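Residue-level structural notes
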Amino acid sequence: MNRVEDLMDPTFFMDWKTLLNENNHGKRGRPFKTPNAFITFLAKLRSTYSVPFRSLEGLARIFARVTGIRSICYTSIFRRIRKIVPKLPDTTGKPLECAIDSTGFKITIRGDYLGSKWHRKRRGWSKLHAVISIHDVSVISFAITDEHVHDAKAGRKILESVKNRIMRIFGDKGYDSKGIFNLFGSRTAIPPRKNASTRSRGSRTRAGIVRQIHKTSEKEWKESVNYGKRWNVEIYFSGLKRTMGEVIKAVRLDYIAQEIALKVQYYNIMREMTHAY
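To start, this report covers the structure provided alongside it. (Residues numbered from 1 in each chain as written. Predicted model: local features only at pLDDT ≥ 70, side-chain atom pairs only at ≥ 80, totals over all residues. Heavy atoms only, no water.)

Concerning the sheet that holds strand S3 (residues 138-146)
- Spatially, the 5 strands line up as an open sheet ordered S3-S2-S1-S4-S5, and their pairing is mixed. For this open sheet the edge positions go to S3 and strand S5 (188-189), each flanked by a neighbour on one side alone.
- Judged from the 8 bridges that link them, strand S2 (residues 125-133) and S3 form a sheet pairing that is antiparallel. Within the sheet, the bridge partner assigned to Ser133 lies in S3 and is Ser138.
- Against the sheet, helix H7 (residues 151-161) engages strand S1 (96-106), S2, S3 and strand S4 (166-170), with an angle of about 40° to S2. (Pairing = 2+ DSSP bridges. Helix = DSSP H or I, 4+ residues; strand = E, 2+ residues; numbered from the N terminus. Contact = heavy atoms within 4.5 Å. Axes fitted to C-alpha atoms, helices over the stretch in contact; angles between N-to-C directions.)

Notes on the packing of helix H3 (residues 36-49) against helix H4 (residues 53-67)
- Packing of H3 against H4 leaves a shortest axis separation of 11 Å and a crossing angle of 130°. As summarised for this structure, H3 and H4 are arranged oblique, according to the angle between their axes. Handedness of the H3/H4 crossing: right-handed. The residues of H4 that touch H3, namely those facing Phe38, Phe41, Leu42, Leu45 and Arg46, are Phe53, Leu56, Leu59, Ala60 and Phe63.
- Residue composition of the contact of H3 with H4, by class: 9 nonpolar, no polar and 1 charged. (Parallel < 35°, antiparallel > 145°, perpendicular 65-115°, else oblique. Left-handed = near helix turned anticlockwise from the far one by under 90°. Nonpolar A, V, L, I, M, F, W, Y, C, P; charged D, E, K, R; others polar.)

Looking at the side chain of Arg271
- With respect to the helices, strands and loops of the structure, Arg271 is situated in helix H12 (residues 253-276).
- Lacking a salt bridge, the buried Arg271 has Asp136 as its closest oppositely charged neighbour, with an N-O distance of 7.0 Å.
- A distance of 2.8 Å separates the side chain of Arg271 from the backbone oxygen of Val137, its partner in a polar contact.
- Dropping the residues within four chain positions of it, Arg271 is found in contact with Asp136, Val137 and Tyr236. (Buried < 20%, exposed > 50% of the residue type's maximum accessible area, 1.4 Å probe, protein only. Lys, Arg positive; Asp, Glu negative; His and termini not counted. Salt bridge = Lys/Arg side-chain N within 4 Å of Asp/Glu carboxyl O. Polar contact = N/O pair within 3.5 Å; in protein donor to acceptor, adjacent residues only side chain to side chain.)

Some details on the pattern of salt bridges
- Taken as a whole and judged by the stated rule, the model has 15 salt bridges.
- Between Glu57 and Arg54 there is a salt bridge, with its nearest N and O atoms 3.7 Å apart. On the criterion of helical spacing, the pair formed by Glu57 and Arg54 is a turn pair, its members being 3 residues apart in helix H4.
- In this structure Glu57 comes out as buried when scored by relative accessible area, which is 12%.
- Given a relative accessible area of 55%, Arg54 falls into the exposed group.
- A single network of salt bridges, built from pairs that share partners, joins Arg46, Arg82 and Glu259.

Section: the nonpolar core
- Ranked by internal contacts, the top residues of the largest apolar core, which has 70 residues, are Phe38, Ile166 and Tyr236.
- Ranked by the residues each element gives to this core, the list is headed by H12, at 10 residues.
- With residues up to four places along the chain from it excluded, the contact list for Ile166 reads Pro95, Leu96, Cys98, Val131, Ile140, Leu159, Phe184 and Arg187. (Core = buried A, V, L, I, M, F, W, Y, C linked by side-chain atoms within 4.5 Å.)

Keep in mind these numbers describe shape, not what the thing actually does.
Here's what the structure looks like:
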């Protein structure tokens, strides 16, 4: 309750004119009639509660009647929210133990029955690949792809961008890639596939883990590296979907990516507020 109250903080209404003047300072063309803070407020409502744009217009009219501010139309709400650029997590700081995984977001609420009954083309889903800090269960880097991109391929790209922040990386067998093993060496805690070779063939670290598992067992190896810490990424995804929803209403690919990124951004803020209480 407290974190939603802080996330949706409406105190900007008291500084409406000041914020509006700041947003219009140096602006070329027609001036804004609504400050960016109100647009961000509406974007948070949409991301958290999946509110349609038409309903956001209705809410804006209610606020206008109650507070005396100027209302804003559907078109302006849509265009200005779509111009919001999601902020990437801060990639500076001390190295952390991290976990990587991916999860899917539905891009349609249509059930399987309608698809089979009317022979409609399957739309699939979008994938969120995220690197999670085990310490505070928050995202330090993420990428958004379609369902056809392999976890290891997308994972290697985002891991390379934050490798200096990672003290140890945990992942499932979907990230069994020589490139990832070579990137982190002995700091990699990813179980190889069952048919993995004990020969190096491009990655000594991976081969060493395979030989260790053959000598003992995969269960003993997981216990030796505290592999249970990987479950923190599942905890994050579960909280993200329960709090922010797992259905994306956008149709265009760039809008789909923006909506998922905003969900991650606002959920990260909510988790930071949780630690503050």
